[in-house]
Amino acid sequence: MSDIAVVGGQAARRDSASVATADSWRPPDTRRVLQLALAVIWLLDAVLQYQSFMFTKGFAQMLAGTASGNPRVIASPINWDANLVQHHAVLLNTVFATIQLLLALGIACRPTVRVALAASIGWALGVWWFGEGLGEVLNSAASPVNGAPGAVIIYALLAVLLWPSDRHAATAPFAAARAVGAPVARALWLVLWGSLAYFALMPGNRAPQALSSMIAGMASGEPGWLAALDNHAASLLAHQGLAASVVLAVALGLIAVGVYLPRSAARATLVLAIVLAAVIWIFGEAFGAILAGGATDPNSGLLLILLAVTYWPTRTAAAAAVAAERAGAEEATA
Amino acid sequence: MMTPSWILDILAAVMLLVAAISAGRLVAARPRAGSTGDADIDIAHLLMGIAMAGMLVASLITLPNGWWDAIFAVLTVWFGWRVYRESRGQGARVLADGHHMPHLVHSAAMLYMFVALNATAVGSGGGMSGMGGSSSATQTLRAPVVAFIFILWLAAYVVLDLDRLSGPGHGHGSYFVRPALVGATAGTGSVSLAASAVSAGTSAGVPAGQDQPADSSHPAGEGLPATGRRSASARALLLSPRAAAGCRIAMGVTMAFMLVIMI
């Protein structure tokens, strides 16, 4: 039993032995906080999926649109799926939204976190194909500014990196390495950000008006202040497509290799990653067009920020143990 | 085409259930000598449940929008003051760990929803209850970025609640503490009841309301007739942190849904 006494507005807790020690509630560690952040984003996705628009044929048309430009083997299943959704819009969209809601609640509940994370990987891969057309990576339309390589694939990546396993916890230099180990985590980071750098330099993205048009196109339907920001950014980048693409690619490349640099330099590149992802999220993605209505997710910017945080260098468990041992020895000497 | 009405009906039913549970909590924990309780939180949940049901289903409207504006303005100020009092002891930690912070956010979100809907939509749709009807297409929120911030905040509290409820030693910490015990002295019947409610379901492996004593004079309902034991168990379950957190989770998800649908 727990008795609480409050004196003068300040709480003082007195717990009996029966509920103290091992069973007491402990604040979540860094990885758990990141898992909860992922759950928040899944919950956001779920409520977005319940929007009125998603129950219309417009949603099916949106899905069908992602087939365009993809190889036949990829496009055919997308068209089949879009056709199915068109004929059973209410039922299937309710199922989709509810699955995402369950994923969010499952990740938030400690006993179900593994099941929910595993399910989220499968779901994300399915949505990446059937809902995002593999993020347009195969049809030359992918751009880091418009959400390539597909926001939903980053959900899957985060689920892998935040898997509640501590096989490599003792030597993990950041939270993302605790389950898969630092070499694998770094390689995944390199592939993701390296691919973004590659996409930035594709012919369609380095055309003089490419970036400007992309950003200007996001202003439609947005609140006045956000539309003004987008239009201003678009005018700044007008006819600067090549230069902007090169600068973007260099920055993305630097970020890609940043996790292999010494700790202080790695931190600097992670700050760059967070800032760049925020800029992309605000200017290039207009917060995933959520404020304009009809969005299915917050797009990639927010997820890239979360991903960067999972790579933030922390003291390894081994280093912490050595430090604690040293402190203990000094204390004994004194 | 609008959001299917059956989804709105289900959510309205859930909100009415939340209101009923909150009313039950108020009755079960009615203040006695020296006990202040969490009555403000239960009253807030009761009012929010009724208001949200009316927003979701037109036939469940109970009060004009202006009244709800005033009610949620008062609740927002009240919980703002409670959070301020808490912050003097806890500092900025109160934002994530405060007992009253989620209720401040919920009250403010309700106030925002009632105030921010533009005048055209309110006039044409019979108030926000038109969300489920023909007027929803015309309903747009002013300052949608504020709605977005509220959605993220509400989602964060839902997730935090679930994490705490499912973790070891759930129900402890200031987040779940019931000020029913504030200033109370151990040994009185009301304190024992409230204390058992706090601990109900918090001991590992003990389902809420089953093995927890509802009254110190009758540990685990011993010595009471069967109906008395059932009543004591029901009261302990109703007053458990799980019941309060469940109400908060249901309201958080529903409120986030409503904000998204109004953008």
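Residues numbered from 1 in each chain as written. Chains lettered and ligands numbered in written order. Predicted model: local features only at pLDDT ≥ 70, side-chain atom pairs only at ≥ 80, totals over all residues.

## A short note on the overall build of chain B
- Helix and strand content of chain B: 10 helices and 0 strands.
- Listing every helix and strand of chain B by position from the N terminus yields α-α-α-α-α-α-α-α-α-α.
- Here chain B holds 263 residues, and 56% of them are scored as buried.
- Put simply, 68% of the contacts in chain B that link residues at least 6 apart link residues at least 24 apart. (Helix = DSSP H or I, 4+ residues; strand = E, 2+ residues; numbered from the N terminus. Buried ≥ 20, exposed ≤ 12 C-beta atoms within 10 Å, placed from the backbone. Contact = placed C-beta atoms within 7 Å.)

## Comments concerning the overall build of chain A
- Helix and strand content of chain A: 15 helices and 2 strands.
- Across the 334 residues of chain A, 45% fall into the buried class.
- In chain A, the proportion of contacts linking residues at least 24 apart, taken out of those at least 6 apart, comes to 68%.

## Some remarks on helix α5 (residues 113–130) of chain A
Residues and elements named next belong to chain A.
- The first and last C-alpha atoms of α5 sit 25 Å apart over 18 residues, in line with the 26 Å expected at 1.5 Å per residue.
- Every buried residue of α5 is listed here: V113, A116, L117, S120, W123, A124, V127, W128 and F130. Around the axis of α5, the buried residues are gathered within 170 degrees of arc, so they sit on the same side.
- Lining the buried residues of α5 we find α1 (30–49), α2 (57–65), α3 (72–87), α4 (89–108) and α6 (151–161). (Expected span 1.5 Å × (residues − 1). Arc of directions from axis to C-beta.)

## Section: helix α5 (residues 101–116) of chain B
- In this model, α5(B) (16 residues) spans 22 Å end to end at C-alpha, consistent with the 22 Å of a helix rising 1.5 Å per residue.
- Most of α5(B) sits out of view: 14 of its 16 residues are buried.

## Concerning the environment of A:Q100
All names here are of chain A.
- Within the element layout of this structure, Q100 appears in helix α4.
- Since 26 C-beta atoms lie within 10 Å of it, Q100 is described here as buried.
- Sequence separation between Q100 and V152 is 52 residues; the distance between their C-alpha atoms is 12 Å.
- Sequence-distant contacts of Q100, defined by excluding residues within four places in its chain, comprise W42, D45, A46 and Q49.

## Brief notes about the nonpolar core
- Ranked by size, the top nonpolar core spans 177 residues in total, and within it A:L43, A:L158, B:I151, B:L154 and B:L259 carry the most contacts.
- If you tally residues by element for this core, the top one is helix α10 (residues 241–262) of chain B, at 16 residues.
- Excluding anything up to four places from it in sequence, A:L158 contacts A:L38, A:L303, A:L306 and A:L307. (Core = buried A, V, L, I, M, F, W, Y, C linked by C-beta atoms within 7 Å.)

## Overview of the packing of helix α10 (residues 210–217) of chain A against helix α12 (residues 241–258) of chain A
Residue and element names in this part refer to chain A.
- Running from amino to carboxyl end, α10 crosses α12 at an angle of 85 degrees, the nearest separation of the two axes being 7 Å. As far as their axial angle goes, α12 and α10 are roughly perpendicular. Residues A210, L211 and S212 of α10 form the contact with α12, whose participating residues are G241, A244 and S245.
- Its residues assigned to classes, the contact of α10 with α12 comprises 3 nonpolar, 3 polar and no charged. (Axes fitted to C-alpha atoms, helices over the stretch in contact; angles between N-to-C directions. Parallel < 35°, antiparallel > 145°, perpendicular 65-115°, else oblique. Nonpolar A, V, L, I, M, F, W, Y, C, P; charged D, E, K, R; others polar.)

## A few points about unusual backbone geometry
Residue and element names in this part refer to chain A.
- The omega angle of the peptide bond from A148 to P149 is 0 degrees, so this bond is cis rather than trans.
- Secondary-structure assignment places P149 in the loop between α5 and α6.
- The residue L134 is not glycine, and still its phi comes out positive at about 55 degrees.
- Residue position: L134 is located in the loop between α5 and α6.
- Of note in the backbone geometry, F287 takes a positive phi value of approximately 55 degrees without being a glycine.
- Mapped onto the elements of the fold, F287 is located in the loop between α13 (263–284) and α14 (300–310).

## A look at the packing of helix α3 (residues 65–90) of chain B against α5(B)
Residues and elements named next belong to chain B.
- Look at α3 against α5: their axes get within 8 Å of each other, and the N-to-C directions meet at 155 degrees. Judged by the inter-axis angle, α3 sits roughly antiparallel to α5. Relative to α5, the crossing made by α3 is left-handed. In contact with N65, W68, D69, F72, A73, L75, T76, F79, G80 and V83 of α3, α5 contributes M101, H103, L104, S107, A108, M110, L111, F114 and V115.
- Looking at side-chain class alone, the contact of α3 with α5 contains 13 nonpolar, 5 polar and 1 charged residues. (Left-handed = near helix turned anticlockwise from the far one by under 90°.)

## Focus: the confidence of the model for chain B
All names here are of chain B.
- When the pLDDT values of chain B are averaged, the result is 74; 66% of them are 70 or greater.
- The low-confidence segment residues 122–130 (pLDDT under 50) makes 27 contacts with residues lying over four places distant or belonging to another chain.
- Note that pLDDT drops below 50 for residues 178–220; the model gives that stretch 103 contacts with residues more than four away or on any other chain.
- Scored by ipTM, the complex comes to 0.84, with pTM at 0.83. (pLDDT = per-residue confidence, 0-100.)

## Section: the confidence of the model for chain A
- With 89% of its residues at a pLDDT of 70 or more, chain A has an overall mean of 87.
- Throughout residues 1–23 of chain A the model reports pLDDT below 50, and contacts reaching past four residues in sequence, or to other chains, amount to 41 contacts.

## Considerations on the environment of B:S240
Residue and element names in this part refer to chain B.
- With respect to the element layout, S240 can be found in the loop between α9 (226–238) and α10.
- Its 26 C-beta neighbours within 10 Å are what place S240 among the buried residues.
- For S240 and R25, which are 215 residues apart along the polypeptide, the C-alpha to C-alpha distance reads 9.2 Å.

## A word on the environment of B:E86
All names here are of chain B.
- Following the sequence through the fold, E86 ends up in helix α3.
- The spacing of E86 and A156 is 70 residues in sequence and 20 Å in space, taken between C-alpha atoms.
- Excluding residues that lie within four positions of it along the chain, E86 makes contacts with V94, G98, H99 and H100.

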